[in-house]
Amino acid sequence: MKKIFAANWKLFKSPTETRNFFKSFKEVSAKATGDLVFFPSAISLEAASETVKGSNIAFGAQNCYVQVQGAFTGENSAQIVKELGGQYILIGHSERRQLFGETDALIADKVALTQSLGLIPMLCIGETLQEREATHTFRVLETQLLLGLAKADKAKPIVIAYEPVWAIGTGKVATPEQVAETHTDVHNILTKMGFTAPILYGGSVKPDNAGTLIKQPHVSGFLVGGASLEVDSFIKIASV
Ligand code: PGA
């Protein structure tokens, strides 16, 4: 399966910073050993769209609403992302689930809408530390996949990002053994459900751990937060 290296910029980088990043990044992007996907903040999407035009760099939004237009103050439209040339929507990131109360049912609608527009949903799943310690990881991931993909079209592309919540932004990366075991579980759950999808790992991925993690079974790439904000560190990760 082709590798994917995705960058989640969260609430960082203005339009100017976005343009400057891509001007430098385009000079090194040919080193990447897989597809490159960036998720800038919504206000910087147009700047991203202008600067990556004609390159091997794809982009998308970090979230979208379940309707493409209407009286939904403050929301983002996947249709507008598509018009800007975006190809992906990140859905169900743990920060959306935890800070903004997103439920699996809402996430399922976002996945369905994204696919119906011809965009690729990148669905994030992951367990909390408490859930891992209680040995509920498998059950949590299975539930998130069953509910989150309840309305998904198996014939259309979808990407899964496994991100243990306790590893996001903490510097505490999952061990290669944990990644191998969990990605195999996720792969098996997806297969049983009839889905074929690349499974990315996310959570404190850095240039010094990416080389080992990419070798683990069913790891098709990474979703990177902090280390994607600098050209050097992200291209190092994307060229493993
Ligand atoms: P991190 O974030 O790489 O900074 O841990 C990953 C993510 O939130 O997608």
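The structure displayed is predicted, hence computed values, not measured ones. Residue numbers here run from 1 along each chain, matching the order of that chain's written sequence. For this predicted model, a pLDDT threshold of at least 70 governs which residues receive local features, and a threshold of 80 or more governs which side-chain atom pairs are given and counted, while totals over whole chains, interfaces and linings are taken from all residues. In computing side-chain values, all of the structure's heavy atoms are included and hydrogens and water are not.

A few points about the overall build of the chain
The way it works is that DSSP assigns letters per residue, a run of H or I at least four long becomes a helix, a run of E at least two long becomes a strand, and they are numbered from the N terminus. Summing up its helical and strand segments, the chain has 10 helices and 8 strands in all. It is over C-alpha atoms that the radius of gyration is taken, and the globule rule equals 2.2 Å times the number of residues to the power 0.38. Radius of gyration (C-alpha) of the chain: 17 Å, near the 18 Å computed for a compact globule of 240 residues. C-alpha atoms of the chain, sized along the principal axes, occupy 45 × 45 × 30 Å. Residue exposure (1.4 Å probe, protein chains only): buried if accessible area is under 20% of the type maximum, exposed if over 50%, otherwise partly exposed. For the chain, buried positions account for 53% of its 240 residues.

Some points on the layout of surface pockets
Using only the protein atoms, space was sampled on a 1 Å grid; points where a 1.4 Å probe fits but cannot get out form cavities, open sets with protein on both sides within 12 Å along at least five of seven lines form pockets, and lining residues are those with an atom within 4 Å of a point. Grid points are joined across faces, edges and corners, and a volume is the space filled by probe spheres set on the points. Reported here for the largest pocket is a volume of approximately 460 Å³. Examining the composition of the lining of the largest pocket, we find that 3 residues originate from one element, helix α4 (residues 94-99), more than from any other. Class assignment for the residues of the lining of the largest pocket results in 6 nonpolar, 7 polar and 4 charged. Computed from the structure, the second largest pocket encloses a volume of approximately 160 Å³. As for the second largest pocket, its lining consists of 17 residues, of which Lys10, Gly169, Ser204, Gly225 and Gly226 are closest to the centre. The class makeup of the residues in the lining of the second largest pocket is 5 nonpolar, 9 polar and 3 charged. Any residue that is not Ala, Val, Leu, Ile, Met, Phe, Trp, Tyr, Cys, Pro, Asp, Glu, Lys or Arg is counted as polar, Gly included; the first ten are nonpolar and the last four charged.

Some remarks on the site of the ligand
Close to the ligand lie 13 residues, the nearest being Lys10, His93, Glu163, Gly169 and Ser204. We define a polar contact as two N or O atoms separated by no more than 3.5 Å, with the added condition that, inside protein, one atom must be a possible hydrogen donor and the other a possible acceptor, whereas residues neighbouring each other in sequence contribute only through side-chain atom pairs. Within the contact set of the ligand, an oxygen atom lies 2.7 Å away from a side-chain nitrogen or oxygen of His93. For the ligand, whose free accessible area comes to 280 Å², the fraction covered by protein is 97%. Of the pockets mapped on this structure, the ligand occupies the second largest pocket. Throughout, the term near means that a residue has one or more heavy atoms lying within 4 Å of the molecule or strand in question. Note on areas: these come from Shrake-Rupley sampling with a 1.4 Å probe, and a residue is covered only by the protein chains present in the view. Whether a molecule sits in a cavity or pocket is decided by its atoms, more than half of which must lie within 2 Å of the grid points.

A look at the side chain of Thr114
When you line up the elements, Thr114 lands in helix α5 (residues 104-116). Residue classification places Thr114 among the buried positions, given a relative accessible area of 0%. Each residue touching Thr114, except ones within four places of it in the same chain, is listed here: Cys64, Ile89, Ile91, Leu119, Ile120 and Pro121. In this analysis, two residues are considered to be in contact whenever any of their non-hydrogen atoms come within 4.5 Å of each other.

Focus: the pairing of strand β8 (residues 221-224)
Going residue by residue along β8, you find Gly221 and Leu223 tucked away on one face and Phe222 and Val224 tucked away on the opposite face as well. Any two strands with at least two DSSP-identified bridges between them are counted as paired. For strand β1 (residues 4-8) and β8, the ladder comprises 4 bridges, and the chain directions are parallel. Paired with Phe5 across the strands is Phe222, a residue of β8. Relative to β8, strand β7 (residues 199-202) is paired through 2 bridges, and the arrangement is parallel.

Focus on the packing of helix α1 (residues 15-28) against helix α10 (residues 231-238)
An axis is simply a line fitted to the C-alpha atoms; with a helix, the fit covers only the stretch in contact. Between two such axes, the angle follows the N-to-C directions and lies from 0 to 180 degrees. At a minimum axis distance of 10 Å, the contact between α1 and α10 shows a crossing angle of 35°. Along this stretch, α1 crosses α10, giving a crossing that reads as right-handed. Seen from α1, the contacting residues are Phe21, Ser24, Phe25 and Val28; seen from α10, they are Val231, Phe234 and Ile235. For the contact of α1 with α10, a count of residues per class yields 6 nonpolar, 1 polar and no charged. Crossing chirality is assigned from the near helix's rotation relative to the far helix, an anticlockwise turn below a right angle marking it left-handed and a clockwise turn marking it right-handed.

Looking at the sheet that holds β1
Spatially, the 8 strands close up into a barrel ordered β1-β2-β3-β4-β5-β6-β7-β8, and their pairing is parallel. Mean inter-strand twist for the sheet, computed between neighbouring axes without regard to direction, equals 25°.

Topic: the pairing of strand β4 (residues 88-91)
Judged by which residues are buried, β4 turns out to be covered on both faces: Tyr88 and Leu90 on one side and Ile89 and Ile91 on the other are all buried. In this structure, strand β3 (residues 57-61) lies alongside β4, joined through 2 bridges in parallel fashion. Its bridge partner being in β4, Ala61 is matched across the sheet by Ile89. Note on handedness: a crossover is taken as right-handed if, strands pointing away from the viewer, the path from the first strand over the helix to the second is clockwise. In this region the chain leaves β3, passes through helix α3 (residues 78-83) and returns to the parallel neighbour β4; the handedness of that crossover is right-handed. Looking at chain direction, β4 and strand β5 (residues 120-125) are connected through 4 bridges and run parallel. Pairing of Tyr88 across the sheet is with Ile120, part of β5.

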